[in-house]
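Residue-level listing of the chains:
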Amino acid sequence: MTDDIRIEPRDGWRKITLNAPARLNAVNAPMLTRLLAALDDAEADPTCRALLLTGEGRGFCAGQELGADVTPGPNGPPDLEALAGTYHHEVVRRIRASRLPVVCAVNGVAAGAGASFALACDIVLAAKTARFVQAFVKIGLVPDSGASFFLTRTVGEARARALAMLGDAIDGETAAAWGMIWKAVDAATLMPEAEALTAQLAVGPTAALGAMKQMFQAAPVNDLNAQLDLEARLQGVAGRGPEFAEGVRAFQEKRPPVFPA
Ligand code: T3D
């Protein structure tokens, strides 16, 4: 039994580690099938309230494994549209559609689809020494797994185009300075900080955090009126829920809130 996806249950959250360090956690179809199952399983578990995604060893994820999946076979060249649609893009869709806040700890190089998986997450911490590489151009491909979507919205079109067309690596500190990620930290403190952040989210108002995800997903395509309508609708739902009741009660009683699972 392969353990290229390691799942560690913690108190109210799960840590999912891409675990193929010899190839910098480059992914293939079976590994992505297991990653999708891990995401689905966490989603279905009511006791799971947050996720942490990271990589084993010196890499976070070197994108698609440049192996059997993408090697021409007897039937001709690989069908990358099907490969992307079935596996890589489903990972991005699952993370974005999840009810759970997803933290990503980028421990090392994040290349190709690996960088996109990180950028799909809600809060991205990286080691200062981590590298983000739009590796696609180096092998004659185009950005995928949401890279063109995420980059234009985080670093802006000028930087997005250059990153994609040149394939230059940027380090964690630059990624943070450019607004691509939340924060760059010393490599030694990355995991404790990412775990503390995930634990914090796991005791947060889970339904409200899930609603925030819907909001931020919609914001880039909505105009202001549509976004105001969405915010009002989701605020209405939040206001009728037990989290708001507890939050207000805790404020009035001058104690920290204990949000229900
Ligand atoms: O349908 C579709 O959507 C298709 C898929 C598209 C999505 C994609 O992700 S396309 C992009 C695929 N990824 C790449 O092109 C990245 C290839 N790797 C690299 O450019 C470099 O390895 C890195 C920049 C990521 C890191 O460089 P460096 O110098 O730190 O490490 P290294 O020495 O190149 O790699 C270390 C080992 O990992 C090495 O193996 P070895 O020689 O020690 O046995 C290398 O072959 C292996 N490795 C790295 N990336 C991959 C990989 N093995 C297989 N697939 C990889 N993607």
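From a predicted model like this one, the values you see are computed outputs, not experimental measurements.

A. How the structure looks around the pairing of strand S5 (residues 102-106). Extensive coverage of S5 is indicated by the burial of five of its five residues. Burial of S5 is two-sided: the residues Val102, Cys104 and Val106 facing one way and the residues Val103 and Ala105 facing the other way are all buried. In this sheet, S5 lies alongside strand S3 (residues 51-55) in parallel orientation, the contact comprising four bridges. When the sheet's bridge partners are listed, leucine 51 is paired in S5 with valine 102. With four bridges connecting them, S5 and strand S7 (residues 123-127) associate as parallel partners. Among the inter-strand pairings, cysteine 104 is bridged to a residue of S7, identified as valine 124.

B. Looking closely at the sheet that holds strand S10 (residues 183-185). Read from one edge to the other, the open sheet built from six strands follows the order S1-S2-S3-S5-S7-S10, with strand pairing classed as mixed. A single partner strand is all that each edge strand has here, and the edge strands are strand S1 (5-9) and S10. Strand-to-strand twist of the sheet, defined as the mean angle between neighbouring strand axes without regard to direction, takes the value 20 degrees. Strand direction decides the pairing type here: S1 and strand S2 (residues 14-18), joined by five bridges, are antiparallel. Bridged to isoleucine 5 within S2 is leucine 18. Sitting on the sheet, helix H1 (residues 29-44) touches S1, S2 and S3, and the angle it makes with S2 is about 175 degrees.

C. Molecular detail of unusual backbone geometry. Here the phi dihedral of asparagine 25 falls at roughly 60 degrees; this positive angle occurs in a residue that is not glycine. Here asparagine 25 is to be found in the loop between S2 and H1. Accessibility expressed as a relative area gives 0% for asparagine 25, which makes it buried.

Reading the values: the criteria
- Numbers given to residues run from 1 along each chain, matching the order in which its sequence is written.
- For this predicted model, a pLDDT threshold of at least 70 governs which residues receive local features, and a threshold of 80 or more governs which side-chain atom pairs are given and counted, while totals over whole chains, interfaces and linings are taken from all residues.
- Heavy atoms throughout the structure, all of them, feed into the side-chain values; hydrogens and water do not.
- Summary of the burial criterion: residues with accessible area below 20% of their type's maximum are buried, those above 50% are exposed, and those between are partly exposed, where the area comes from a 1.4 Å probe applied to protein chains only.
- Strands here mean DSSP runs of E at least two residues long; helices mean DSSP runs of H or I at least four residues long; both are numbered from the N terminus.
- Two strands pair under a simple rule: DSSP has to find at least two bridges between them.
- Here an axis means a line fitted to C-alpha atoms, over the contact stretch when the element is a helix, while the angle between two N-to-C directions is reported on a 0 to 180 degree scale.
- By definition in these notes, contact holds between two residues if any of their heavy atoms fall within 4.5 Å.

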